[in-house]
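# Understanding the architecture of this molecule
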Amino acid sequence: KNQILFQRKSILIKINTRSLLFMKNFEEIFEIQKNVKSNFLALEQETVAILSCDADDIEGHTVARVEYLEKNKELYEEIFDFCKTYEQGYALEMAVKNTAMREELPDNLKEVFDRFSQVYAIVNRVVNVDKQVTERIEREQNKIVKQIKDMNSGYESKAAKFYAASDAGEQKHFGESKRRI
């Protein structure tokens, strides 16, 4: 009886140790999730700022967006590395990506799914605003192209071409024969 009792306690200890280890790792995943969420919130702010900022500021916001995406890429790599070592790794990855049905996940992964659902809500908002950002950038590009065309076809452009040619020793409007007169 003592040996059976000892074996049962040993199994319980192993199970509890494994559970504590995975809970500790889930806490790390939850900490990473907080950082991912924070980065996506900042990305959302940068995205929305593009809609109303001066044209000169668009590039700065775009660069900041890329930086937040790069940070999140690294954070997701950490999570997916952990998924490879976890015994329910595929289910965990599905929970993180929100590609599984919540009801089909094991109970211990539902909180992971719920927390990452918050992240994907932000991602969806960014995707929706991104369409407007693309339109804004296209409008700004079209303005610049129009300005360039206007500058190249205006009176100043033709006069500048004339002066540039005369500075180079070429006289398009007065030939050599006219100089001798």
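Residues numbered from 1 in each chain as written. Predicted model: local features only at pLDDT ≥ 70, side-chain atom pairs only at ≥ 80, totals over all residues. Heavy atoms only, no water.

What follows concerns the packing of helix α2 (residues 58–85) against helix α3 (residues 89–97). The contact between α2 and α3 brings their axes to 8 Å, and the two run at 155°. Between α2 and α3, the crossing angle belongs to the class labelled roughly antiparallel. Residue-level inspection shows Y76, I79, F80, F82 and C83 of α2 in contact with α3, the latter providing G89, L92, E93, V96 and K97. For the contact of α2 with α3, the class distribution of residues is seven nonpolar, one polar and two charged. (Axes fitted to C-alpha atoms, helices over the stretch in contact; angles between N-to-C directions. Helix = DSSP H or I, 4+ residues; strand = E, 2+ residues; numbered from the N terminus. Parallel < 35°, antiparallel > 145°, perpendicular 65-115°, else oblique. Contact = heavy atoms within 4.5 Å. Nonpolar A, V, L, I, M, F, W, Y, C, P; charged D, E, K, R; others polar.)

Bringing α3 into the picture now. Think of an α-helix as turning once every 3.6 residues; residues three or four places apart then point the same way. Within α3 the residues assigned to the buried category are G89, A91, L92, M94, A95 and V96. Two residues or fewer past α3, N98 is found with a positive phi of approximately 60°. (Buried < 20%, exposed > 50% of the residue type's maximum accessible area, 1.4 Å probe, protein only.)

Within the structure shown, the criterion is met by nine salt bridges. When the shortest N-O distance is used, the salt bridge between R125 and E44 registers 2.7 Å. One end of the pair, R125, is in helix α4 (residues 107–153); the other, E44, is in helix α1 (residues 2–52), and 81 residues separate them in sequence. Residue classification places R125 among the partly exposed residues on the basis of a relative accessible area of 37%. With a closest N to O distance of 2.9 Å, E93 and K97 form a salt bridge. (Salt bridge = Lys/Arg side-chain N within 4 Å of Asp/Glu carboxyl O.)

Core analysis: the largest hydrophobic core is formed by 28 residues, its most contacted members being F26, F40, L92, L109 and F116. Within the residue set of this core, elements represented by two or more residues are α1, α2, α3 and α4. Element by element, the count of residues in this core is highest for α4, at eight residues. Ranked by size, the runner-up nonpolar core spans five residues in total, among them C53, I58, V129 and V133. (Core = buried A, V, L, I, M, F, W, Y, C linked by side-chain atoms within 4.5 Å.)

For α2, spanning 28 residues, the distance from its first C-alpha to its last is 42 Å, which sits close to the expected 40 Å at 1.5 Å a residue. Residues I58, H61, A64, R65, N72, L75, Y76, I79, F82 and C83 constitute the buried set of α2. (Expected span 1.5 Å × (residues − 1).)

Our next topic: the packing of aromatic side chains. Using the criterion set out here, one finds five aromatic pairs in the structure. Between F26 and F30 the ring centres are 6.3 Å apart and the planes differ by 40°, which places this aromatic pair in the tilted class. Of this pair, F26 and F30 both sit in helix α1, four residues apart, which is roughly one turn of the helix. Per residue, the accessibility class of F26 equals that of F30, and both read buried. A ring pair is formed by F82 and Y86, whose centres lie 5.7 Å apart and whose planes are at 25°; its orientation type is stacked. In this pair, the class of F82 matches that of Y86, namely buried. (Phe/Tyr/Trp six-rings, centres within 6.5 Å; stacked < 30°, edge-to-face > 60°.)

Keep in mind these values describe shape, not function.
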